[in-house]
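Chain by chain, the residues run as shown.
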Amino acid sequence: MFKRIGLVLFVFQISACSELQNIVKSVSDTTSTESVLSNSQIGNGLKEALENGIEHQVTKLASDGGFYTNDAVKILLPAELRKVDETLRSIGLGDLADQGLKLLNSAAEDAVKESIPVFVNAVQEMSITDVKTILFGNKNAATVYLESKTKDELYAKFNPVIKESFTKVGADKVWSTLITKYNSIPFIEDVNPNLTDYVTQEALQGVFTMIAVEEVGIREKVSLRSSSLLQQVFALQDEK
């Protein structure tokens, strides 16, 4: 009798211990990673991800053909010049039109080299509130933040570089020739666009487009989280 009671108690103890372990495991599994990461670690992790992404994408855009060979950001002609392009090609000046288009993209590639320090400074100035808003925000929250903080400064940096690039490679003369030839065609309305401003705006849009691509990648692909800290920080986003 006593042996049976002892056996029952023994089984009950084992069962209770097993249940306790399951409860502990359940609590452990549902405890947010945030509880073991400090605000400083969360901030550093997000900043690391942004800086890596910025450098990666800006480096690609700044390389030879970085804009021209990338359909996502390739700078096409402004609307008022597309008829110039079509008309010149129709009269056998396609090579000249291609040259003009490549020079626009080349100027943008020169300009984006100026953007890394501006972006890095904006990232380093993020508050912990900014960090958490970005981390738990939309898939492009970081890109939206960076655009709001850097666009004016980047425009001021890009514009003179693009203007100088046009002069250095002779783009100003190429486009002057293109536009002069077009404007000399009978019954054609003259055009005289501000190409420096246009390419500056397009270069800015291209940079933010590619940063958004990088941001979405890090948010969605665990394989792009290249350090232990990144994995822990973005696990917080995955849990929400």
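Our subject is the structure that appears above.
Let me sum up the structure you'll find in this document. (Residues numbered from 1 in each chain as written. Predicted model: local features only at pLDDT ≥ 70, side-chain atom pairs only at ≥ 80, totals over all residues. Heavy atoms only, no water.)

Some points on the environment of K168
Moving on, step 1. Structurally, K168 is set in helix 7 (residues 141-168).
Moving on, step 2. As a C-alpha pair, K168 and A107 span 61 residues in sequence and 9.6 Å in three-dimensional space. (Helix = DSSP H or I, 4+ residues; strand = E, 2+ residues; numbered from the N terminus.)

Comments concerning the packing of aromatic side chains
Moving on, step 1. Evaluation of the coordinates by the stated rule reveals one aromatic pair.
Moving on, step 2. On the numbers, 5.8 Å between centres and 85 degrees between planes, the contact of F119 with F208 is edge-to-face. Linking F119 in helix 5 (residues 115-124) with F208 in helix 9 (residues 195-220), this pair joins segments that are 89 residues apart in sequence. Take F119 and F208: they sit in the same class, and that class is buried.
Moving on, step 3. The positively charged end of K74 is found above the aromatic ring belonging to Y68, 4.3 Å away from the centroid. (Phe/Tyr/Trp six-rings, centres within 6.5 Å; stacked < 30°, edge-to-face > 60°. Buried < 20%, exposed > 50% of the residue type's maximum accessible area, 1.4 Å probe, protein only. Lys NZ or Arg CZ within 6 Å of the ring centre and 35° of its normal.)

Focus: the nonpolar core
Moving on, step 1. If you look at the biggest cluster of nonpolar residues, it comprises 55 residues, and the most contacted ones within it are F119 and F158.
Moving on, step 2. Residues in contact with F119, not counting those within four places in the same chain, are I54, V58, L146, T150, L154, V207, F208 and I211. (Core = buried A, V, L, I, M, F, W, Y, C linked by side-chain atoms within 4.5 Å. Contact = heavy atoms within 4.5 Å.)

Description of the packing of helix 2 (residues 39-62) against helix 10 (residues 228-239)
Moving on, step 1. Running from amino to carboxyl end, helix 2 crosses helix 10 at an angle of 105 degrees, the nearest separation of the two axes being 9 Å. The angle between helix 2 and helix 10 places the two elements in the roughly perpendicular class. Along the contact surface, helix 2 presents Q41, I42, N44, G45, L46, E48, A49 and N52, while helix 10 presents L229, L230, V233, F234 and L236.
Moving on, step 2. Among the residues forming the contact of helix 2 with helix 10, the class breakdown is eight nonpolar, four polar and one charged. (Axes fitted to C-alpha atoms, helices over the stretch in contact; angles between N-to-C directions. Parallel < 35°, antiparallel > 145°, perpendicular 65-115°, else oblique. Nonpolar A, V, L, I, M, F, W, Y, C, P; charged D, E, K, R; others polar.)

These figures come from the coordinates and say nothing about function on their own.
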